[in-house]
Structures are given as structure tokens and as C-alpha cells.
Amino acid sequence: MAGMNQTPTSERVHIGFFGRRNAGKSSVMNAVTGQELAVVSQVKGTTTDPVYKAMELLPLGPVTLMDTPGIDDTGELGTLRVKKSYQALNKTDTAVVVLDAQLGATPEDLALIARIREKNIPWLAVVNKQDQIPLPQQEQLQQKLIRAGIEEEKILWVSATEKTGIFALKERLAHLAQPEETNQRLVADLVEPEDFVVLVVPIDKAAPKGRLILPQQQVIRDLLDTGAIPVVCRDTELKSTLERLGPTPRLVITDSQAFAQVSAVTPRDITLTSFSILFARYKGTLQPSVKGAAALDTLEDGDTVLICEGCTHHRQCDDIGSVKLPRWIGEYTKKQLNYAFTSGTEFPDDLTPYKMIVHCGGCMLNQREMKYRMSCALDQGVPMTNYGILIAQLKGILKRSVAVFPEIAALL
């Protein structure tokens, strides 16, 4: 298993700590990590943005712990902080609802638990500050929580101050957060050992200096784990690479921005796809994303297209999301369109103002978050696709680029 520091955030189980201000969320999370990571204070509302911590939680493995703002915050800024806490549920694989032993389960706590149940997220109710109330009151509160609808097996008592119950909490989390067994791979199931696979990686102003981006790294590793042979080249050297390679490669995988050039150079008998398409399948959103690309042909003057980045980065002068995609969409549709942009954890609750959503490949977002975003779009009747699939549609090569998945190609 890869070490914790080498495991991408999107591949880690996300465990979120939620609750009222001053219930002790940060203290409990610090006790679990064994580090003073999150700021602890008697002043309510100390945590104003989600705080993330990577750690190894045995026997589970690498996880990301999230400390969130209080769900009872008030005022204009407080309302925004509460919204951030609820947004954090979208990437939470396991939730810890921290209750104050002196208050029990408040209406805000119960509303949060109801939302967690709606999302089918495994969860625990952790009653903190056990050291501050006598045993008879603990027993009374235990029964009160059960009468409020919290299952007894989900209730765990701890004291973050005294560190009591923390080992039991870690044990419960390690077993509760076990991910479902899946055989889903990025690309390994599409190749055989010793197959050649050509990866096309353009090196332009947007390429990070001295390194490959995460999707390229993960595909290379998946190929190596299978015993396939990745051959990496720039788009400008693809033609000579194919000519000199000898054996016909099983696959050519390209960065989406170079789709048109790579398709023109790659012989038709060689299967072609993109990193974005592989990630859409890996995240469980490929089929609706392929269907969503057809919305390009329904856009009218004045429609608004939402373009979403899953991470935040410094935008270059010819940025793919904010510059190239709007330009290519305009050239394709010949329509006067409006564009809206989001990045990082921001994703609108109300998607009805948009006629189409174009999302990045989501390499920095976990599968739960990507499926949540797609579900939001489908529930509100807004077609959603991703960068690579959209570009393939724009360049007239979508059917070729998904031919490696016959059941998806049959949709076109």
C-alpha cells in the first residue's frame, strides 16, 4: 500500500467532524490525530473554515480528517460558515457528530443527523465532555438521546480533555469507514501485461514546472501495477513516437486539450481516449457525462454555461476553464452565451439558472463528491459533462474517444 504522504487526497477516506460551536469538535479531532492541528478555544466559532488533516488510521489506512465550523453559528458570516459545514458532507465518507454532554442533542444536531441519514453516510454520535457530568446524568442523557431517535449502537462517550474513549473512537472509525470493495481501476482493466500504452502530455504554459499533474501520475502508476508499459511523449512528438515504437500500442491516452491534434495523428486502428474520460469512469459519472455533452447542440443565445474546477489554481492567460472552453464553445455553437465559474469546494445549490454544466475531471475530488455534484445536476434537470468529453464532442471525435467502452459508445 502506498504511504500516507503519497496517497492523493481524492483516494483517501474522508472523515468529517460536525457539531455545534464549542461542543469540542476540534478537541476531539486533535485527540484522534494526537496533534494540536485545529485551533481550540473557549470562544465560540473558532473554526471558520473546514480544516483538513491527513493521517494513517489503522487498520483502515490513509484518511483525511475534516474539522468543520459550528452548525449553530449566527449572523451573515455565521450562515455562510454553516453552509460550508453542510457542503463538507458532500465529500464525507464517515461523519462524526460531536455532542456536548452538558447540552445533549439540540435541534441543530438532530437536523444535521437527519441530513446525514438522507445522504446514507455512515456516522457516529460522539458525546464529548464526559468528564464534566456525573455517571447518573450520563445514563439519563443516554436514554434521552435514544428517545430522540439516535440508535444506542451509534452513541460513544469521550472526553477530549482526559483522552478517555478516544482509542475506542478510533477503533470504531477504522471499521465504520471501511470502503466498499471495488475492482474499479483507472485503466489497468483495459490492458494486458507488456502492452504498450502511449500517454500524450502537452508541455505548455499551463503545465506545472518539473512535474506531471495528478491524473497523469495515477494513470502511469496503474499501468505499472498491471505490468503494462507506459510510453510518455508530448503531442509534438506523438507522430514520430508511433512510427518508431514498433508494436502497435493498445491505447493512446491524451490530455484533452490536445484531442484534435492527437486524433489526427493517431491511426484509426489504435484506440484513443483521454485522461478526463478515464477519470469520469473511475468516479462513476461517465455515462451521464457523455449524455450531457449533447446539450451543446441545444444552447441558445443568452443561455448560461457553468464551468466548474474541482481545485483552485493560478489561472494562466490562456486558461482551459475560463478562456479556452468558452472560446471553443462559442466557435462551435455560434451563440452569444454567458458563463459562470466556480472552483474548489464551491458548487451551487441551485443549478436551474444554467443550461449546461462543464466540470473538470475531478482528480482532486473524491468519488462521493463527484457523484453528489452529478446527482444535483440530474435532479434539477441540468445536463452536466466534463472537460475531456466536451472537447471530444466539440472536435467531432467523442464516439472514437469512448469506443474503448462499447456500452457507452452505444449511447451515441
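In what follows, the structure referred to is the one given above.
Note that the coordinates shown come from a computational prediction; the quantities given were computed from them, not determined experimentally. (Residues numbered from 1 in each chain as written. Predicted model: local features only at pLDDT ≥ 70, side-chain atom pairs only at ≥ 80, totals over all residues. Heavy atoms only, no water.)

1. Things to note about the packing of aromatic side chains
Note on aromatic pairs: each is described by the distance of the centres and the angle between the planes. Taken as a whole, this structure holds one aromatic pair when the rule is applied. Ring centres of F279 and Y282 lie 6.3 Å apart, and the angle between their planes is 80 degrees; this geometry places the pair in the edge-to-face category. On the criterion of helical spacing, the pair formed by F279 and Y282 is a turn pair, its members being three residues apart in helix α9 (residues 275-282). Y282 carries the same exposure label as F279, and that label is buried. Sitting over the ring of W328, K395 keeps its end group 4.8 Å from the ring centre. (Phe/Tyr/Trp six-rings, centres within 6.5 Å; stacked < 30°, edge-to-face > 60°. Helix = DSSP H or I, 4+ residues; strand = E, 2+ residues; numbered from the N terminus. Buried < 20%, exposed > 50% of the residue type's maximum accessible area, 1.4 Å probe, protein only. Lys NZ or Arg CZ within 6 Å of the ring centre and 35° of its normal.)

2. So, the packing of helix α1 (residues 25-33) against helix α5 (residues 166-176)
Packing of α1 against α5 brings their axes to within 9 Å, and their N-to-C directions diverge by 80 degrees. As the angle between them shows, α1 and α5 are arranged roughly perpendicular. Facing V28, A31 and V32 of α1, the residues of α5 in contact are I166, L169 and K170. (Axes fitted to C-alpha atoms, helices over the stretch in contact; angles between N-to-C directions. Parallel < 35°, antiparallel > 145°, perpendicular 65-115°, else oblique. Contact = heavy atoms within 4.5 Å.)

3. Quick notes on the sheet that holds strand β2 (residues 51-57)
Strands sit in the order β2-β3-β1-β4-β5-β6 across an open sheet of six strands; the sheet is mixed. The open sheet has two free edges, formed respectively by β2 and β6 (155-157), since each of these has just one partner strand. Each adjacent strand pair in this sheet contributes to an overall mean axis angle of 25 degrees, direction not counted. Bridge analysis of β2 against strand β3 (residues 61-67) gives seven bridges, and the strand direction is antiparallel. By the bridge assignment for β3, E56 is matched with P62. Most of the contacts of α1 go to β3, to which it runs at about 160 degrees, and overall it touches β1 (13-19), β2, β3, β4 (94-100) and β5 (123-128). Where helix α4 (residues 135-147) meets the sheet, its contacts fall on β4, β5 and β6, and the angle it forms with β6 comes to roughly 160 degrees. (Pairing = 2+ DSSP bridges.)

4. Some words on the packing of helix α11 (residues 320-333) against helix α13 (residues 387-394)
Two numbers describe how α11 lies on α13: the axes approach to 10 Å, and their chain directions differ by 30 degrees. The orientation of α11 relative to α13 falls into the category roughly parallel. Of the two possible hands of crossing, α11 and α13 adopt the one that is left-handed. Residues I320, G321, L325, W328, I329 and Y332 of α11 form the contact with α13, whose own contacting residues are Y387, L390, I391, Q393 and L394. For the contact of α11 with α13, the residue count by class is nine nonpolar, two polar and no charged. (Left-handed = near helix turned anticlockwise from the far one by under 90°. Nonpolar A, V, L, I, M, F, W, Y, C, P; charged D, E, K, R; others polar.)

5. Thoughts on empty space enclosed by the protein
Unoccupied space between atoms shows up once a probe the size of one water molecule is rolled over them. Going through the model one piece at a time under the given rule, you end up with one cavity of 30 Å³ or more. In this structure, the largest cavity occupies an estimated 50 Å³ of space. Every residue along the wall of the largest cavity is listed here: F279, A280, T285, S289, H359, C360, G361, M370, M374, M384, T385 and N386. Secondary structure elements with two or more residues in the lining of the largest cavity: α9, α12 (367-379) and β14 (384-386). Here the element with the most residues in the lining of the largest cavity is β14; it accounts for three residues. (1 Å grid on protein atoms, 1.4 Å probe; cavity = no way out; pocket = protein on both sides within 12 Å on 5 of 7 lines; lining within 4 Å. Points joined across faces, edges and corners; volume = space filled by probe spheres on them.)

6. Notes on the sheet that holds strand β12 (residues 338-342)
Across the sheet, which stays open at both edges, the four strands sit in the order β12-β11-β13-β14 with parallel pairing between neighbours. Lying at the two open borders of the sheet, with one neighbouring strand each, are β12 and β14. Put simply, the sheet's adjacent strands are angled 25 degrees from each other on average, direction ignored. Examined bridge by bridge, strand β11 (residues 304-308) and strand β13 (residues 356-359) share four bridges and lie parallel to one another. Following the sheet pairing, L306 is matched in β13 by I357. Across the sheet, α12 touches β13 and β14, and the angle it forms with β14 is around 140 degrees.

Any functional reading would require information that these geometric values do not contain.
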